[in-house]
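# Inside the fold
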Amino acid sequence: MTDLPDDIEQLKNMLLELQEENQSKDKAIATLEKTVQTQAEEVAELENKMQLLIEQLNLNKSKRFSSQSEKIAKGTFNEAEQQNTLPKTEPKHHKKGRKPLPKELDREVIQHELNTPYCGGCDAPLHECGKEVSEELKIIPQKVTVIRHERTKYACRQCEKTQTTSKIITAPKPASMIPKSIGSSDAFAAIVTAKYVDALPLYRQVDILNRSGIDISRSTLANWCIQLGSKSQMIIDAMKNKLLQEGIICADETTVQVLREEDRAAQLKSYMWVYRSGEFTGAPVVIYDYQPSRAAACAKEFLGDYDGYLLSDGYAAYDCLEHVTQAACLAHVRRKFTDAQKARPSKKAGKIEKALNFIAKLYKIEKETKTLSRSQRQAIREENAQPIWDEFHQWLLQAQSTALPKSAIGKAINYTLNQWPKLLTYLKDGDISIDNNVTERDIRPFTTGRKNWMFSTSVGGAKASANLYSLVMTCRANDINPYYYFQHLFTELPKRQPTDDLTDLMPWNVNISEAQ
């Protein structure tokens, strides 16, 4: 301080310089703090992005290499097994060992006897004291035969003598689904069943027929399928009328590629919309509806003014339906949390397991009420499921405030809350299922077949396939052998007129034993 000048003006100048220097330093410090804050935000953002990328990588690896089961492992949060809200039923014990062969199969009996039934010890004759019976399964590859129609012709001797012309009358041949075709109802049923039930492409069926010496082109078989599907439209219309009269309809959709469609590129995806009766319906109906898009207008076109419950996933197109009451699928919610569990870097139990535990409790109630009546199921749901839903909702709201919105767990929580009112709809009616798995099971055979035949060539082929898949899946839903149903349908349908009553030809009304 002894170096300071005595001049006041010099002191003022020095003070001003110090102030300017301090201000510049403050600005530099503020700039550095801002830079540090910006870098910290960038680091946090990069960490979040890295976390999301790790989750995506883990999820993709899980989907590619791991089991696709949604079952949760028993652990800390698996409280569902300790829930005593319902009386425990006796466990079903499955019989061990080989199952007997079906009684309805034809038996070829072969007797085995000794040539010389004499005792080896005393040489006395032996007498029969019983039989030891064992059965072997006999499989004969596809057997191809020919039905030869010999139509007797008749002429009138009197007309031949007295008239200038004589009319020849020929005994009629049974009506056919495809007139002038070499295929019989049995052949039609076999081809359709192989493709739409067993997912066997037509080119492979051509090879199988060639081994029997039958030369039928793939285009001929494709033409058969298109005509059979088109001529079954009256059955599909009757099934649709029944479906639209039911109080609950389940809906879902999947992609299909059609190569030749007007004003559309071959690469564009079209859709198969699937509509189904509720899981607890006595005579369920399943209908495939081909549409070129996934627009809401497609659902409106099919459902019209339907005013019952509609059970579906979270697809927004169904929200455009005015008269229906929406119900959501809990399996989709569980799938979101299961994906989040697979994507999580750490395997330590936490929020995801807690959410899955709530869902497991709800499914436990459904499992134990599946065989009960509609009113009993609804009463138990209101008493035991509603409190779980309330607790689950409170937990979701708390978890939402701490989860990253774009993380897998954040997406699962937000999806669940967005679907919340629809998820609770099933509590209003005991006939509504807690999920839409029954419809997804009816789509799976189509997706399996799609891996083999890849695409439909034309719109007509896609619509015919939709009709035939509708009949196949309706048969399966009613525990009917599709081959015998098609055999009966393709025999009887040509005899009917469009105005006839077709009730007896509905899959749930056909007596397969009589059809065989």
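Residues numbered from 1 in each chain as written. Predicted model: local features only at pLDDT ≥ 70, side-chain atom pairs only at ≥ 80, totals over all residues. Heavy atoms only, no water.

Under the annotation held in an unreviewed UniProt entry, the chain carries the name IS66 family transposase and is attributed to Vibrio casei.

Turning our eyes to something else, we now look at the overall build of the chain. Per the secondary structure count, the chain includes 16 helices and eight strands. The 516 residues of the chain split such that 37% are buried. Counting only contacts in the chain whose residues sit at least 6 apart along the sequence, the fraction spanning at least 24 positions is 65%. (Helix = DSSP H or I, 4+ residues; strand = E, 2+ residues; numbered from the N terminus. Buried < 20%, exposed > 50% of the residue type's maximum accessible area, 1.4 Å probe, protein only. Contact = heavy atoms within 4.5 Å.)

Packed helices, taken two at a time, are described by the angle between their axes plus the distance between the axes. For the pair helix H9 (residues 351-369) and helix H10 (residues 374-400), interaxial distance at closest approach is 10 Å and the crossing angle is 175°. When the axis of H9 is compared with that of H10, the two are roughly antiparallel. Only Arg-377, Ile-380, Arg-381, Asn-384, Ala-385, Ile-388, Trp-389, Glu-391, Phe-392, Trp-395 and Ala-399 of H10 make contact with H9, whose side of the interface consists of Lys-351, Lys-354, Ala-355, Phe-358, Ile-359, Lys-361, Leu-362, Ile-365, Glu-366 and Thr-369. Class assignment for the residues of the contact of H9 with H10 results in 12 nonpolar, two polar and seven charged. (Axes fitted to C-alpha atoms, helices over the stretch in contact; angles between N-to-C directions. Parallel < 35°, antiparallel > 145°, perpendicular 65-115°, else oblique. Nonpolar A, V, L, I, M, F, W, Y, C, P; charged D, E, K, R; others polar.)

Let us now look at the pattern of salt bridges. The final tally for this structure, using the stated rule, is 18 salt bridges. A salt bridge links Lys-242 to Glu-246; the shortest N-O distance between them is 2.9 Å. Taking relative accessible area as the criterion, Lys-242 reaches 25% and is therefore assigned partly exposed. A salt bridge links Arg-496 to Asp-504; its shortest N-O distance comes to 2.6 Å. Overlapping salt bridges bring together Arg-374, Arg-377, Asp-429 and Asp-431 as one network. (Salt bridge = Lys/Arg side-chain N within 4 Å of Asp/Glu carboxyl O.)

For soluble globular proteins, the rule of thumb is that nonpolar side chains tend to be buried together. Counting 63 residues, the largest nonpolar core has Ile-235, Tyr-275, Tyr-288, Tyr-485, Phe-486 and Phe-490 as its most contacted members. In terms of residue count, the dominant contributor to this core is helix H14 (residues 459-477) (eight residues). When sequence neighbours within four positions are dropped, the list of residues in contact with Tyr-485 reads Ile-235, Leu-471, Cys-475, Ile-480, Leu-505, Met-506, Pro-507, Val-510 and Ile-512. The next biggest cluster of nonpolar side chains, apart from the first, holds 42 residues, and it includes Ala-327, Val-333, Phe-392 and Val-438. (Core = buried A, V, L, I, M, F, W, Y, C linked by side-chain atoms within 4.5 Å.)

Another point: the side chain of Gln-291. By secondary structure assignment, the location of Gln-291 is in strand E5 (residues 286-291). On the basis of relative accessibility, which here comes to 9%, the residue Gln-291 falls in the buried class. Beyond its immediate sequence surroundings of up to four residues, Gln-291 is in contact with Ser-270, Tyr-271, Trp-273, Cys-298 and Glu-301.

Moving on, we get to the confidence of the model for the chain. Per-residue confidence for the chain averages 84 on the pLDDT scale, and 88% of its residues sit at or above 70. Throughout residues 79-87 the model reports pLDDT below 50, and contacts reaching past four residues in sequence, or to other chains, amount to 21 contacts. (pLDDT = per-residue confidence, 0-100.)

Below, the discussion takes up the packing of H10 against helix H11 (residues 408-418). Across the interface, H10 lies against H11 with an axial gap of 10 Å and an inter-helix angle of 135°. In terms of orientation, H10 and H11 fall into the oblique class. In this structure, H10 crosses over H11, and the sense of that crossing is left-handed. Counting all contacts with H10, which are made through Phe-392, His-393, Leu-396, Leu-397, Ala-399 and Gln-400, the residues of H11 involved are Ile-413, Asn-414, Thr-416 and Leu-417. Of the residues assigned to the contact of H10 with H11, the class counts are six nonpolar, four polar and no charged. (Left-handed = near helix turned anticlockwise from the far one by under 90°.)

Along the chain, Thr-416 turns up in helix H11. You can call Thr-416 buried: its relative accessible area is 0%. Sequence-distant contacts of Thr-416, defined by excluding residues within four places in its chain, comprise Val-333, Phe-337, Phe-392, Leu-396 and Leu-423.

Another point: the environment of Pro-494. Counting through the fold element by element, Pro-494 comes out in the loop between helix H15 (482-492) and helix H16 (512-515). Note: C-alpha distance between Pro-494 and Met-177 (317 residues apart in sequence) is 5.5 Å. Discounting residues that sit within four places of it in the chain, Pro-494 has contacts with Ala-175, Ser-176, Met-177 and Leu-489.

Once that is clear, we can look at a nonpolar patch on the surface. There is a patch of nonpolar side chains on the surface, built from Leu-4, Leu-11 and Met-14 and spanning about 210 Å² of accessible area. Mapped onto the elements, Leu-11 comes out in helix H1 (residues 8-65). (Patch = residues over 30% accessible without salt bridge, like charges linked within 9 Å, V, L, I, M, F, W, Y side chains within 5 Å. Areas by Shrake-Rupley, 256 points an atom, 1.4 Å probe, with all protein chains shown as cover.)

By secondary structure assignment, the location of Glu-246 is in the loop between helix H6 (233-244) and strand E3 (248-260). Along the sequence, Glu-246 and Tyr-309 sit 63 residues apart, while their C-alpha atoms lie 9.1 Å from each other. Look past the residues within four positions of Glu-246 in its chain and what remains in contact with it is Ser-277, Gly-278, Thr-281, Ala-283, Val-285 and Tyr-306. Among the polar contacts listed, one links the side chain of Glu-246 to the side chain of Lys-242, at a separation of 2.9 Å. (Polar contact = N/O pair within 3.5 Å; in protein donor to acceptor, adjacent residues only side chain to side chain.)

Pairing of E3 with strand E6 (residues 309-311), which is carried by three bridges, proceeds in the parallel orientation. Following the sheet pairing, Cys-250 is matched in E6 by Leu-311. Sheet analysis places E3 next to strand E4 (residues 269-277), joined by nine bridges and oriented antiparallel. In the sheet register, Glu-253 faces E4, and the bridge partner there is Trp-273. Two strands pair when backbone bridges link them, and E3 and strand E8 (residues 456-458) are joined in this way by two bridges, in the parallel orientation. Following the sheet pairing, Val-258 is matched in E8 by Ser-456. (Pairing = 2+ DSSP bridges.)

For the structure shown, the criterion picks out 20 aromatic pairs. Residues Phe-358 and Trp-395 carry aromatic rings whose centres are separated by 6.2 Å and whose planes lie at 50° to one another, so their mutual orientation is tilted. On the criterion of sequence distance, the pair formed by Phe-358 in helix H9 and Trp-395 in helix H10 is long-range, its members being 37 residues apart. With respect to class, Phe-358 is no different from Trp-395; both count as buried. Considering the side-chain rings of Trp-389 and Trp-420, the 5.3 Å spacing of their centres and the 75° angle between planes classify their relative orientation as edge-to-face. Within this pair, whereas Trp-389 is found in helix H10, its partner Trp-420 is found in helix H12 (residues 420-423), the two being separated by 31 residues in sequence. Note on accessibility: Trp-389 and Trp-420 belong to one class, buried. Cluster of aromatic residues (ring-pair linked, three or more members): Phe-358, Trp-389, Phe-392, Trp-395, Trp-420 and Tyr-426. In this structure, Arg-334 is placed above the aromatic ring of Tyr-363, and the distance from its NZ or CZ to the ring centre is 4.5 Å. Seen from the ring of Phe-280, Arg-377 lies directly overhead, with NZ or CZ sitting 3.8 Å from the centre. (Phe/Tyr/Trp six-rings, centres within 6.5 Å; stacked < 30°, edge-to-face > 60°. Lys NZ or Arg CZ within 6 Å of the ring centre and 35° of its normal.)

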